[in-house]
Amino acid sequence: QSSSNKGTRSNLTFVEHIDALRKNLGSAVDVVPVELPQLSFQNQIELVLDATVYISAAGGSTATAMFLPKGAHLILFYHPTQYLDYDFWNNFPHLNVHWIGFWKNTTNVTTTMLFSYPEYFAEFVRLLIIESEIQREPLEHSMEAS
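For the structure given in this document, a descriptive report is provided here.

Calculation criteria
Residues numbered from 1 in each chain as written. Predicted model: local features only at pLDDT ≥ 70, side-chain atom pairs only at ≥ 80, totals over all residues. Heavy atoms only, no water. Helix = DSSP H or I, 4+ residues; strand = E, 2+ residues; numbered from the N terminus. Buried < 20%, exposed > 50% of the residue type's maximum accessible area, 1.4 Å probe, protein only. Contact = heavy atoms within 4.5 Å. Areas by Shrake-Rupley, 256 points an atom, 1.4 Å probe, with all protein chains shown as cover. Arc of directions from axis to C-beta. Patch = residues over 30% accessible without salt bridge, like charges linked within 9 Å, V, L, I, M, F, W, Y side chains within 5 Å. Salt bridge = Lys/Arg side-chain N within 4 Å of Asp/Glu carboxyl O. Pairing = 2+ DSSP bridges. Axes fitted to C-alpha atoms, helices over the stretch in contact; angles between N-to-C directions. Phe/Tyr/Trp six-rings, centres within 6.5 Å; stacked < 30°, edge-to-face > 60°. Core = buried A, V, L, I, M, F, W, Y, C linked by side-chain atoms within 4.5 Å.

### Considering the overall build of the protein
Scanning the protein for helices and strands turns up 5 helices and 3 strands. The N-to-C order of helical and strand elements in the protein reads α-α-β-β-α-β-α-α. Going through the 146 residues of the protein one by one, you find that 36% of them count as buried. Restricting to contacts in the protein with at least 6 residues of sequence separation, those with at least 24 account for 49%. Summed over all atoms, the accessible surface of the protein reaches about 9300 Å², with 55% contributed by carbon and sulfur.

### Structural notes on helix H2 (residues 41–48)
Listing the buried residues of H2 in full gives Gln44, Ile45 and Val48. Taken end-on, H2 shows its buried residues confined to a sector of 95°, consistent with a single buried face. In this structure, the buried residues of H2 make contact with strand S1 (53–57).

### Section: a nonpolar patch on the surface
Among the surface-exposed residues, Phe41, Leu49, Met66, Phe67 and Phe88 lie close enough to one another that they form a single nonpolar patch of about 450 Å² accessible area. With respect to the element layout, methionine 66 can be found in the loop between S1 and strand S2 (73–78). According to the relative accessible area criterion, methionine 66 is partly exposed, its value standing at 32%.

### Here we look at the sheet that holds S1
The 3 strands lie next to each other as S1-S2-S3, forming an open sheet whose pairing is parallel. The open sheet has two free edges, formed respectively by S1 and strand S3 (96–101), since each of these has just one partner strand. Strand-to-strand twist of the sheet, defined as the mean angle between neighbouring strand axes without regard to direction, takes the value 20°. Sheet topology places S1 next to S2; 5 bridges connect them, and they run parallel.

### With respect to the packing of aromatic side chains
For the structure shown, the criterion picks out 5 aromatic pairs. Look at tyrosine 78 and tryptophan 99: their rings are 5.7 Å apart centre to centre, the planes differ by 80°, and that puts the pair in the edge-to-face class. Here tyrosine 78 is found in strand S2, whereas its partner tryptophan 99 is found in strand S3, with 21 residues between them in sequence. Among the residues examined, tyrosine 78 registers a relative accessible area of 11% and is labelled buried. Relative accessible area serves as the criterion here: at 17%, tryptophan 99 is assigned to the buried category. By way of ring pairs, the aromatic residues Phe88, Trp89 and Phe92 are connected into one cluster.

### A closer look at the nonpolar core
The biggest cluster of nonpolar side chains holds 16 residues, and the ones touching the most others in it are Tyr54, Leu68, Leu74, Trp89, Leu95, Val97 and Trp99. Among the elements that make up this core, the one with the highest residue count is S2 (3 residues). Here leucine 95 is in contact with Ala65, Leu68, Pro69, Ala72, Leu74 and Trp89, once residues within four sequence places are set aside. Counting residues in hydrophobic clusters, the runner-up holds 15 residues, among them Leu21, Val53, Phe77 and Ile100.

### Structural notes on helix H1 (residues 15–25)
Those residues of H1 lying buried are His17, Ile18, Ala20, Leu21 and Leu25. Looking straight down H1, one finds that the buried residues subtend no more than 165° of arc, so they occupy a single side. For H1, exposure combined with an orientation more than 90 degrees from the buried face picks out Glu16 and Lys23. Just beyond H1, the residue with positive phi is glycine 26, at close to 65°.

### Structural notes on the side chain of threonine 64
Along the polypeptide, threonine 64 turns up in the loop between S1 and S2. Judged by relative accessible area, threonine 64 falls into the buried class, the value being 1%. Leaving out residues up to four positions away in the same chain, threonine 64 has contacts with Leu36, Phe41, Gln44, Ile45, Val48 and Tyr54.

Pasting the structure below:
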């Protein structure tokens, strides 16, 4: 852990968000919590190649997100002191990037709701998955026709 993120990212936990995702999405979607440092780089890449939604705190562990398939959603939780990845991730044309702040006393109601209320976050992710499925359908139909 670098000294730049001590006390902010280290306090971030996704346990409630994972539980809300599993409850909201049911068995229709695999919710796979992963500790990336525990996996080889090759296993990390294989894991994200088929992902529809990748959720992480902004930082070095998100590097494998560049291997997400076209149209995938990258949801990054960030702290205002760690917003350095913004220009990097927003210039990947094949990804839909969503930024969610995780600090107290923010005036952004949407950010507060998505972070503080995991059930709203789960609904947000469910809608992104539906959007991805709709975007893929025309591609699959055009491939069948040829």
